[in-house]
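Survey of secondary and tertiary structure
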Amino acid sequence: MISRGSSWYRPALVMVIYLGLGAAGLGWTSLRGQPSLWQVPGRQDPWVFTGILVGLLVGLGIVFASRMAFFRFEWARALHRDFRALLSPLGDREIVVLAAASSIGEEMFFRGAMLPVLGLVGSSAVFALLHIGLPPRARHLPWTISSFVAGVVFGALYLWTGDLTGAVVAHFTVNFLNLRHIAQYDLR
């Protein structure tokens, strides 16, 4: 068992939470009789490699937009400070684990399992509600709105390529680079 004082405690907790979300997606998909949540139902020829390349480009584009917001808007810097206070200290291992677990677990649940049921807008709205901030504050609203837009983009990528891999790559890129930025820049 991993103790609270262990350097693996936070990464292990994150993995359990997001693996649980991914497992819930698999269970939901299975109960509906869908053969796979990784591929769009009915799609016979997924574009996996195209998805990986486009996912990387989409992720980099979202990161670029978040950096522009960081340098232009106080709400983005306030959000950065909030995340840094919540997550610090954040080491390289934790960044990789958090980015990988969240991108895989969230994409499996929101795009792979939920999108076929609620549609692109509905699944993106629920995804945005997960990114509301606790406690909810008006200054977190831009993060919630940008999460909705990212959900639409990730979902569109999933539908266009027919495979979840591109959406996972895009989501991982955003989370990994933004978490590194949060860990590296202290705005006191």
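Everything numeric here is computed off the predicted structure, so don't read it as measured data.

Here we take up the overall build of the chain. Scanning the chain from terminus to terminus reveals six helices and zero strands. Listing the helices and strands of the chain from first to last along the sequence gives α-α-α-α-α-α. For 188 residues, the compact-globule estimate of 2.2 N^0.38 gives 16 Å, and the C-alpha radius of gyration of the chain, at 17 Å, lies within 12% of that figure. Its C-alpha atoms give the chain principal-axis dimensions of about 50 × 45 × 30 Å. By the burial criterion, 41% of the 188 residues in the chain qualify as buried. Taking the intrachain contacts of the chain between residues at least 6 apart in sequence as the baseline, contacts between residues at least 24 apart amount to 79%. Accessible area of the chain: about 10100 Å², with a carbon and sulfur share of 72%. Averaged over its 15 positive side-chain charges, the chain has a centre that lies 6 Å from the centre of its 9 negative ones.

For residues that are not glycine, phi is negative in most cases, and the peptide bond is trans in most cases. Pro89 follows Ser88 through a cis peptide bond whose omega is -10°. Inspection of the secondary structure assignment puts Pro89 in the loop between α3 (74-87) and α4 (92-130).

Now for the nonpolar core. Ranked by size, the top nonpolar core spans 16 residues in total, and within it Tyr18, Phe110 and Leu179 carry the most contacts. Elements that contribute at least two residues to this core include exactly α1 (9-31), α3, α4 and α6 (165-184). Per-element tally for this core: the top contributor is α4, with seven residues. Other than its neighbours up to four places away in sequence, Leu179 contacts Leu87, Leu90, Ile95, Leu98 and Ala99. In this structure, Leu37, Met108, Ala150 and Ala167 belong to the second largest nonpolar core, which totals 14 residues.

Next up on the list: the packing of helix α2 (residues 48-72) against helix α5 (residues 141-161). Where α2 contacts α5, the axes come no closer than 10 Å and their chain directions differ by 165°. Here α2 lies roughly antiparallel to α5, going by the angle between them. With respect to the hand of their crossing, α2 and α5 are arranged in right-handed fashion. Counting all contacts with α2, which are made through Thr50, Gly51, Val54, Gly55, Val58 and Ile62, the residues of α5 involved are Ala150, Val153, Phe154, Leu157, Trp160 and Thr161. Taken together, the residues of the contact of α2 with α5 break down into eight nonpolar, four polar and no charged.

The subject of this paragraph is the packing of α3 against α6. For the pair α3 and α6, the least separation of the axes is 9 Å and the interaxial angle reads 80°. Here α3 lies roughly perpendicular to α6, going by the angle between them. Residue-level inspection shows His80, Phe83, Arg84 and Leu87 of α3 in contact with α6, the latter providing Leu179, His181, Ile182, Ala183 and Gln184. Classifying every residue of the contact of α3 with α6 by side-chain character gives five nonpolar, three polar and one charged.

For the rest of this paragraph, the subject is the packing of aromatic side chains. Applying the stated rule across the entire model yields eight aromatic pairs. With centroids separated by 5.9 Å and ring planes inclined at 15°, the aromatic side chains of Phe73 and Trp75 adopt a geometry described as stacked. With a centroid separation of 5.0 Å and an interplanar angle of 80°, the aromatic rings of Phe83 and Trp143 are classed as edge-to-face. Highlighted residues: Phe83 in helix α3 and Trp143 in helix α5, separated in sequence by 60 residues. Joined through ring pairs, the aromatic side chains of Trp28, Phe109, Phe110 and Phe127 make up one cluster. The ring of Trp47 has Arg43 sitting right over it, with the charged end atom 4.9 Å from the ring centre. Against the face of Phe127 rests Arg111, its NZ or CZ located 4.3 Å from the ring centre.

A separate point is the pattern of salt bridges. The full count for this structure, using the stated rule, is six salt bridges. Put simply, Glu74 and Arg81 hold a salt bridge, and the shortest N to O gap is 2.3 Å. Its relative accessible area of 42% is what places Glu74 among the partly exposed residues. Beyond isolated ion pairs, a larger network of salt bridges with shared partners links Glu74, Arg77 and Arg81.

Right, let's get into a nonpolar patch on the surface. On the surface, a cluster of nonpolar side chains totalling about 370 Å² of accessible area is made up of Leu53, Leu56, Leu57 and Leu60. Summarising the element assignment, Leu60 is placed in helix α2. Look at Leu60 and you get partly exposed, because its relative accessible area is 40%.

Thresholds applied
- Residues numbered from 1 in each chain as written.
- Predicted model: local features only at pLDDT ≥ 70, side-chain atom pairs only at ≥ 80, totals over all residues.
- Heavy atoms only, no water.
- Helix = DSSP H or I, 4+ residues; strand = E, 2+ residues; numbered from the N terminus.
- Rg over C-alpha atoms; globule rule 2.2 N^0.38 Å.
- Buried < 20%, exposed > 50% of the residue type's maximum accessible area, 1.4 Å probe, protein only.
- Contact = heavy atoms within 4.5 Å.
- Areas by Shrake-Rupley, 256 points an atom, 1.4 Å probe, with all protein chains shown as cover.
- Lys, Arg positive; Asp, Glu negative; His and termini not counted.
- Charge placed at Lys NZ, Arg CZ, Asp CG, Glu CD.
- Core = buried A, V, L, I, M, F, W, Y, C linked by side-chain atoms within 4.5 Å.
- Axes fitted to C-alpha atoms, helices over the stretch in contact; angles between N-to-C directions.
- Parallel < 35°, antiparallel > 145°, perpendicular 65-115°, else oblique.
- Left-handed = near helix turned anticlockwise from the far one by under 90°.
- Nonpolar A, V, L, I, M, F, W, Y, C, P; charged D, E, K, R; others polar.
- Phe/Tyr/Trp six-rings, centres within 6.5 Å; stacked < 30°, edge-to-face > 60°.
- Lys NZ or Arg CZ within 6 Å of the ring centre and 35° of its normal.
- Salt bridge = Lys/Arg side-chain N within 4 Å of Asp/Glu carboxyl O.
- Patch = residues over 30% accessible without salt bridge, like charges linked within 9 Å, V, L, I, M, F, W, Y side chains within 5 Å.

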